[in-house]
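Chain by chain, the residues run as shown.
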Number of protein chains: 2
Amino acid sequence: MGKALIIGCGGVAGVVIHKCCQNSDVFEEIMIASRTKSKCDAIKEQLEGRTPTKIRTAKVDADNVDELCALIDEYKPDIVMNIALPYQDLTIMDACLKCGVNYMDTANYEPEDTDDPAWRAIYEKRCREAGFTAYFDYSWQWAYKEKFEKAGLTALLGSGFDPGVTQAYCAYAQKHLFDQIDTIDILDCNGGDHGYPFATNFNPEINLREVSAPGSYWEDGHWVEIPAMSIKREYDFDQVGRKDMYLLHHEEIESLAKNIPNVKRIRFFMTFGQSYLTHMKCLENVGMLSTTPIEFEGHQIVPIQFLKALLPDPATLGPRTKGKTNIGCIFTGKKDGKEKTAYIYNVCDHEACYREVGSQAISYTTGVPAMIGAAMLMTGKWSKPGVYTVEEFDPDPYMEALNKWGLPWQVNGNPVLVD
Amino acid sequence: MGKALIIGCGGVAGVVIHKCCQNSDVFEEIMIASRTKSKCDAIKEQLEGRTPTKIRTAKVDADNVDELCALIDEYKPDIVMNIALPYQDLTIMDACLKCGVNYMDTANYEPEDTDDPAWRAIYEKRCREAGFTAYFDYSWQWAYKEKFEKAGLTALLGSGFDPGVTQAYCAYAQKHLFDQIDTIDILDCNGGDHGYPFATNFNPEINLREVSAPGSYWEDGHWVEIPAMSIKREYDFDQVGRKDMYLLHHEEIESLAKNIPNVKRIRFFMTFGQSYLTHMKCLENVGMLSTTPIEFEGHQIVPIQFLKALLPDPATLGPRTKGKTNIGCIFTGKKDGKEKTAYIYNVCDHEACYREVGSQAISYTTGVPAMIGAAMLMTGKWSKPGVYTVEEFDPDPYMEALNKWGLPWQVNGNPVLVD
């Protein structure tokens, strides 16, 4: 069918690459490009001969539009898949516009250096304008809408699990299950256990931000902001069991509030274990989570970077992690004039993921929907010029692909609601 | 009366110097010597003109016997007061022997580089021989006994609060309150609050050692070793209130077991708050308490040293600390054929100490007995050639001095016992 340029070579990219190679009818050729070509070569070597997909690799600095364009012009992909950090979203979108190629990513843009006062001022202003305090919002990327429309190109934003699959669940519920969705609760539960007293699944800076940023939810047409971790619920998750979960701000709430007509309330909850939170709090108390460098033995050391060096490498967690994730959406609303509830969710097993692609469920649940989102664009099942989030497309082929490619979902028509 | 050479210029030394200057009849002249002469000069400047005591300062490397001897020969003190780290005890004792001058310290010797496998092997062997696992024991310094006897010099070991005052309490109880002491429980309670979520009163390495080393107590003629922090009791301390306390190994148990005839059991308990322990545990879990350097950005960084740089400087805790310490000994035994109990203890107020000498109670309760111990030797109230701990001398003048110099004690004849 076509060619995809995959930018990034971390844990999620590893899953994306495995999945593209499983789906060779669509991904006839892929190019893996990152700052460190040797990492790309290592994956290529691992997969070559086990897939009909032709694999090439390249070195690219995703911060550099000219370098990206040179690579795109040479390789001529049908889509650029941005599986790198969200800091590079805008430069990669710029390169796609310049070279006339479709774009997709898994998480919305945020400025890299939020400790730089100049950047922070800009992004805090944007957040204030959006009506909530978060370190990321869609405004940066929605600003590209007209440019993509004029260029006749599609940019698909946030096709991971959450954001991504959760929005497909919403679009599916809107299309098939409800006439009117009143409330959406997105529940993200990781019941995995890596056996370490403390470790983070990805960059500890991002974990820290999750637990220290104010929470917010959408209600009656506006944002309600709450102190960090101040709304806690216990929920009994299918195949995982009882877990504490906390209300967080999460990016897909912003787009769902625009795209689900007359929705009254949207909340996002994520599970955190008490031990994890205690470690985060203690590390914060002693200053280990600070991003401000301190002078130590003549060197400038950033405490959270040093912590990162001490903690187990997230890449080593995969083979150790047992248990399951359970992520989904609980809906309330009306159908044929009657009150109705529904819960769409996926349960994913860490060890099964690791056996299949060498990554545990956290990377797997993000990487599979990234491949599927790209496939939607490459096959023309999703096609309209502009910048869109997942719920703005027909959910049916995406939902079908989830079942086919390893993230089967189920619908519980009578779920326990979150109070 | 005479001249004292004070080696060290940290928090405890600051108290010692203040107290010597209050006791100018005995300490007519003092010399303050440390690696950093400017720190000595700063204290001198602060006190000069406010005391009849003549103050001099000098730079000295306490690891260097020749340098110490040059200073002693020039100044000709009546006593050398070792208020530096316990790592220098042996070199200073060597210098005292060489120059013919009395010696005293506040904590028994331990080798500095316990991470060095060669050193560790030596000191673990010594500990095994002593019958318990601790990072310090008296054997190093007791080995000097004969040399000091032959030289006609006195070395007074461990004249701080615990060790030190607690042993004077034992000697006092033995002399005045009991015919036979059966059990001694030493209770060290710090009810102070510095207002930080986490900070250490001195080197975090020493704090760590306290909570991670196996505990041990003396019973029926031998050591009983227990896992770290595995014996916990709650006790209601006079003027402080209820606190959790844990059984630790502590150095004075070793000498008391030899010097209190037929004692059946000696235990040491120290209070730790739950929040303090949780922070220590979390920091340990992530590797921040490790003394093994890791490679970080091209530098070798020792995690616990980096942590130390992050934590509030212990010197800044003084002005912030409120509350009291309560340290003492509970005795059971017999007097005139009858069962008897007694509790001798001191309560010390952090803020009152700070007002008086610019240090809170942790330094105050160590520094005052150091001055008193030195005064005992300088006045000849305590005088016998050899190496001795506090309980081996007549307690009466020492106990009287405690009341006079800021650490008044009281006796409760009917205390609640520790089960």
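Since this is a predicted model, take the numbers as computed values, not measurements.

Caption draft 1: Representation of the overall build of chain A in the model. Looking only at helices and strands, one finds 15 helices and 18 strands in chain A. The C-alpha atoms of chain A give 21 Å as radius of gyration, which agrees with the globular expectation for 419 residues (22 Å, within 12%). Expressed along its principal axes, the backbone C-alpha trace of chain A runs to roughly 65 × 55 × 45 Å. Within the span of chain A, comprising 419 residues, buried residues form 57% of the whole. Put simply, of all contacts in chain A between residues at least 6 apart along the chain, 73% involve residues at least 24 apart. Just so you have it, chain A exposes about 16,500 Å², and 49% of that area is on carbon and sulfur atoms.

Caption draft 2: Seen up close, the interface of chain B and chain A. Each partner contributes residues to the interface: chain B has 23 residues there, and chain A has 23 residues. For the pair chain B and chain A, the interface holds zero salt bridges. Taken together, chain B and chain A are joined by three residue pairs in polar contact (both at pLDDT 80 or more). Looking at the side of chain B that touches chain A, the elements that each hand over two or more residues are helix H11 (274-285), strand S13 (294-296), strand S14 (299-301) and helix H12 (303-310) of chain B. Counting residues per element, the side of chain B that touches chain A draws most heavily on H12(B), at six residues.

Caption draft 3: The relation of the copies chain B and chain A, seen in detail. Of the transformation superimposing chain B on chain A, the axial component is 0.0 Å and the angular component is 179°, with the fit at an RMSD of 0.0 Å. Taken together, the rotation and translation relating the two chain copies correspond to the operation of a two-fold axis. Comparing interface residues between copies, 100% of those in chain B also sit at the interface in chain A, which points to an isologous, same-surface contact.

Caption draft 4: Highlighting the pattern of salt bridges. A complete count under the given rule lists 40 salt bridges over all chains for this structure. Residue A:Lys37 pairs with A:Asp41 through a salt bridge whose shortest N-O separation is 3.2 Å. Placement of the pair is A:Lys37 and A:Asp41 together in helix H2 (residues 37-47), with a separation of four residues, close to one helical turn. For A:Lys37, a relative accessible area of 34% translates into the label partly exposed. With relative accessibility at 26%, the residue A:Asp41 sits in the partly exposed group. In this structure, B:Lys232 and B:Asp244 form a salt bridge, with 3.6 Å as the shortest nitrogen-oxygen distance.

Caption draft 5: Seen up close, the nonpolar core. Core analysis: the largest hydrophobic core is formed by 191 residues, its most contacted members being A:Phe27, A:Met81, B:Phe27 and B:Met81. Non-local contacts of B:Met81, meaning those with residues more than four positions away in its chain, are made with B:Ala4, B:Leu5, B:Ile6, B:Ile7, B:Val16, B:Cys20, B:Phe27, B:Met104, B:Ala370, B:Met371 and B:Ala374. Core analysis: the next-biggest nonpolar cluster, separate from the first, contains 32 residues, B:Leu5, B:Leu90, B:Leu97 and B:Leu157 among them.

Caption draft 6: Here's a closer look at the state of the cysteines. Residues and elements named next belong to chain A. By the definition in use, this model includes zero disulfides over all chains. For Cys348, which is in no disulfide, the shortest distance to another cysteine sulfur is to Cys353 and amounts to 3.3 Å. Accessibility expressed as a relative area gives 3% for Cys353, which makes it buried.

Caption draft 7: Just unusual backbone geometry, in detail. Residue A:Pro163 is bonded to the preceding A:Asp162 through a cis peptide linkage, with omega at 10°. Following the sequence through the fold, A:Pro163 ends up in the loop between strand S6 (154-157) and helix H8 (165-177). Phi at A:Lys76 is positive, roughly 55°, even though this residue is not glycine. If you trace the backbone, A:Lys76 turns up in the loop between helix H3 (65-75) and strand S4 (79-82). A positive phi angle, near 50°, is found at B:Glu297, a position not held by glycine. With respect to the helices and strands, the residue B:Glu297 is situated in the loop between S13 and S14. Residue B:Glu297 is classed as exposed on the basis of its relative accessible area of 52%.

Caption draft 8: Examining the confidence of the model for chain A more closely. Summary statistics for chain A give a mean pLDDT of 92 and a share of 93% for residues scoring 70 or more. Prediction confidence for the complex, expressed as pTM and ipTM, is 0.75 and 0.73 respectively.

Caption draft 9: Representation of the domain arrangement of chain A in the model. The domain boundaries assigned to chain A delineate domain 1 (2-157) and domain 2 (165-361). Taking the mean C-alpha position of each, domain 1 of chain A and domain 2 of chain A sit 23 Å from one another.

Caption draft 10: View of the side chain of A:Thr332. Residues and elements named next belong to chain A. Relative to the elements of secondary structure, Thr332 occurs in strand S15 (residues 324-335). Assessed through its relative accessible area of 17%, Thr332 is described here as buried. Of the polar contacts made by the side chain of Thr332, one reaches the side chain of Thr183; its length is 2.5 Å. The residues contacting Thr332, other than those within four sequence positions of it, are Phe178, Gln180, Ile181, Asp182, Thr183, Lys340, Thr341 and Leu417.

Caption draft 11: Spatial organisation of the environment of B:Gly2. Residues and elements named next belong to chain B. Tracing the backbone through its elements, the reader meets Gly2 in strand S1 (residues 2-7). Along the chain, Gly2 and Ile79 lie 77 residues apart, while their C-alpha atoms are 8.7 Å from each other. Those residues within four positions of Gly2 in sequence are excluded, and the remaining contacts are Val26, Phe27, Glu28, Glu29, Asp78 and Met378.

About the thresholds
- Residues numbered from 1 in each chain as written.
- Chains lettered and ligands numbered in written order.
- Predicted model: local features only at pLDDT ≥ 70, side-chain atom pairs only at ≥ 80, totals over all residues.
- Heavy atoms only, no water.
- Helix = DSSP H or I, 4+ residues; strand = E, 2+ residues; numbered from the N terminus.
- Rg over C-alpha atoms; globule rule 2.2 N^0.38 Å.
- Buried < 20%, exposed > 50% of the residue type's maximum accessible area, 1.4 Å probe, protein only.
- Contact = heavy atoms within 4.5 Å.
- Areas by Shrake-Rupley, 256 points an atom, 1.4 Å probe, with all protein chains shown as cover.
- Salt bridge = Lys/Arg side-chain N within 4 Å of Asp/Glu carboxyl O.
- Polar contact = N/O pair within 3.5 Å; in protein donor to acceptor, adjacent residues only side chain to side chain.
- Least-squares fit on C-alpha atoms with pLDDT ≥ 70 in both.
- Core = buried A, V, L, I, M, F, W, Y, C linked by side-chain atoms within 4.5 Å.
- Disulfide = S-S within 2.5 Å.
- pLDDT = per-residue confidence, 0-100.
- Domains from an automatic or database assignment.

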